[in-house]
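A look at the structure
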Amino acid sequence: MTKAAPPATAREDLELLPDPDHNLSVEEVKLLWSFLHGDIMIGGIRQRLREHWGLCPRHSWAHAVVEIELWQAGAGQRAGHQPFEIGILYEDLLDTMIRKLTDSRPRSRMSVLTPRGICPICRDLRGPTIPGIGGGGYAGSDSAALTIEANQMIHMRLWAAGTRTLWHVCPSCAGTPNDVNGVLCRPHILQRGSLTNEDARTLVDKLSDTRDLLVPLVESMTQSGRPSTGTADASWIQALGWFHGWNLPLALASLDAESQP
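Residues numbered from 1 in each chain as written. Predicted model: local features only at pLDDT ≥ 70, side-chain atom pairs only at ≥ 80, totals over all residues. Heavy atoms only, no water.

1. A short note on the overall build of the protein
Counting its secondary structure elements, the protein contains 13 helices and zero strands. Mapped from its N terminus to its C terminus, the protein presents α and β elements in the order α-α-α-α-α-α-α-α-α-α-α-α-α. (Helix = DSSP H or I, 4+ residues; strand = E, 2+ residues; numbered from the N terminus.)

2. Comments concerning the packing of helix 3 (residues 57-70) against helix 7 (residues 143-152)
The geometry of helix 3 relative to helix 7 is characterised by a closest axis approach of 9 Å and an angle of 100° between their N-to-C directions. Considering their axes alone, helix 3 and helix 7 lie roughly perpendicular with respect to each other. Here Val-65, Glu-69 and Leu-70 of helix 3 come into contact with helix 7, specifically with Leu-146, Glu-149 and Ala-150. Across the contact of helix 3 with helix 7, the residue classes tally to four nonpolar, no polar and two charged. (Axes fitted to C-alpha atoms, helices over the stretch in contact; angles between N-to-C directions. Parallel < 35°, antiparallel > 145°, perpendicular 65-115°, else oblique. Contact = heavy atoms within 4.5 Å. Nonpolar A, V, L, I, M, F, W, Y, C, P; charged D, E, K, R; others polar.)

3. So, the state of the cysteines
This structure, assessed with the given rule, holds zero disulfides. Note on Cys-56: no disulfide assigned, nearest cysteine sulfur contributed by Cys-122 at a separation of 3.7 Å. In this model Cys-173 remains outside any disulfide bridge; the closest cysteine sulfur is found in Cys-185, 3.7 Å from its own. Overall, the relative accessible area of 17% leaves Cys-173 in the buried class. (Disulfide = S-S within 2.5 Å. Buried < 20%, exposed > 50% of the residue type's maximum accessible area, 1.4 Å probe, protein only.)

4. Quick notes on the nonpolar core
In terms of nonpolar packing, the biggest core is built from 68 residues, with Tyr-90, Met-97, Leu-101, Met-156 and Trp-236 touching the most fellow members. Filtering out sequence-adjacent residues up to four positions away, Leu-101 remains in contact with Val-112, Leu-113, Leu-195, Leu-203, Val-204 and Leu-207. (Core = buried A, V, L, I, M, F, W, Y, C linked by side-chain atoms within 4.5 Å.)

5. Observations concerning the pattern of salt bridges
Two side chains of opposite charge can pair, provided their charged atoms sit close to one another. Counted under the stated rule, the structure contains eight salt bridges. Residue Glu-27 pairs with Lys-30 through a salt bridge whose shortest N-O separation is 3.6 Å. Here Glu-27 pairs with Lys-30, and both are found in helix 1 (residues 26-36), just three residues apart, close to one helical turn. Look at Glu-27 and you get partly exposed, because its relative accessible area is 33%. Salt bridges here are not isolated pairs; linked through shared partners, they connect Arg-46, Arg-50 and Asp-92. (Salt bridge = Lys/Arg side-chain N within 4 Å of Asp/Glu carboxyl O.)

6. Brief notes about the packing of helix 2 (residues 43-52) against helix 4 (residues 84-102)
How two helices pack is summed up by the angle between their axes together with the distance between the axes. Across the interface, helix 2 lies against helix 4 with an axial gap of 10 Å and an inter-helix angle of 55°. Overall, the two elements helix 2 and helix 4 adopt an arrangement that is oblique. Read as a crossing pair, helix 2 and helix 4 show a hand that is right-handed. Contact with helix 2, carried on its side by Arg-46, Leu-49 and Arg-50, involves Leu-89, Asp-92, Leu-93 and Thr-96 of helix 4 and no other residues of that element. Here the contact of helix 2 with helix 4 is built from residues that sort into three nonpolar, one polar and three charged. (Left-handed = near helix turned anticlockwise from the far one by under 90°.)

7. Observations concerning helix 1
Taking burial as the measure, the 11 residues of helix 1 include eight buried ones, the bulk of the element. When helix 1 is considered as a whole, its buried residues turn out to be Glu-28, Val-29, Lys-30, Leu-31, Leu-32, Trp-33, Phe-35 and Leu-36. Against helix 2, helix 3, helix 4, helix 6 (120-126) and helix 7 lie the buried residues of helix 1.

8. Topic: helix 8 (residues 154-163)
The periodicity of an α-helix, 3.6 residues per turn, causes residues three or four positions apart to be oriented the same way. Along helix 8, the positions that sit buried rather than exposed are Met-156, Trp-159, Ala-160 and Thr-163. Along the axis of helix 8, the buried residues cluster in a sector spanning 95°; they form a single face. Exposed residues on helix 8 whose side chains face more than 90 degrees from its buried face are Leu-158 and Gly-162. (Arc of directions from axis to C-beta.)

9. A look at the environment of Leu-89
Locating Leu-89 in the fold gives a position in helix 4. Considered as a pair, Leu-89 and Arg-46 are 43 residues apart in the sequence and their alpha carbons are 8.5 Å apart.

10. Remarks on the packing of aromatic side chains
Applying the stated criterion to the full structure yields seven aromatic pairs. In textbook terms, an aromatic cluster arises when at least three aromatic residues are bridged by ring pairs, as seen for Trp-53, Tyr-90, Trp-242 and Phe-243. (Phe/Tyr/Trp six-rings, centres within 6.5 Å; stacked < 30°, edge-to-face > 60°.)

11. Let's talk about the confidence of the model for the protein
Per-residue confidence for the protein gives a mean pLDDT of 88; residues scoring 70 or more make up 88%. The spread of mean pLDDT over the elements of the protein runs between helix 13 (residues 247-259), the lowest at 86, and helix 12 (residues 230-244), the highest at 98. Contacts from residues 1-9, a stretch scored under 50 in pLDDT, to residues over four places away or in other chains number seven contacts. In the model, residues 130-136 has pLDDT below 50 throughout and makes seven contacts with residues more than four positions away in sequence or in other chains. (pLDDT = per-residue confidence, 0-100.)

12. Focus on the environment of Met-110
Tracing the sequence through the fold places Met-110 in helix 5 (residues 109-113). Those residues within four positions of Met-110 in sequence are excluded, and the remaining contacts are Ile-189, Leu-190, Gly-193, Ser-194 and Leu-195.

13. Considering unusual backbone geometry
With phi around 55°, Trp-53 is a residue other than glycine that occupies positive phi space. In this fold, Trp-53 is placed in the loop between helix 2 and helix 3. Of the residues examined, Trp-53 reaches a relative accessible area of 2% and is grouped as buried.

Okay, here's the thing in structure tokens:
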């Protein structure tokens, strides 16, 4: 007997994974597609994203999936299917986090790492349905068809396969908690409940390295930008992995490994 998929409104607290039980709903894709087409640039929204450290984990990765899978045109060598807005957003979030951690004291660090407010996509999913909207999407787009395309994660898998050897994965996410060289992601630092001065300095250095790689990645997606390097290509996954956990890219990498002869 096939297990029934959970309703759209119940998926907000699920991890985003590449399987039918965790797929994005039509409503989620509709909201994220609209978000990408303008809401993300609104000053109040950008400030809420800084306070909340982006969207929630599910919708942060979903934001990347929707942009990479559905945006088919763009500047630069790839001309589409690339994390352009993701790169700009996380350069901003990393700048903010680096500044706050640099200025923080041990007792305030967990507060710095803790999100404030609510994910804007979760908020809109919980809100009342707007009469007359029906099944249409942003600018008359076919949200149902876009959702099928997004959930295939074809281009996300290519990004994961092409950068996997360059990731510095959180040891707790990877199931290797004794790895002393790894850097915990933000959710696992919060779970541990402390961040020493030495660990904070190391973390700021690592986040600064990621931020510095995001800059040439974003530039490579502009008309005059140079092609990016492999480490730059991995930087946006590194940023999202640190802020929101590594479950989705690790699952994608596992699928790629299983498909190898």
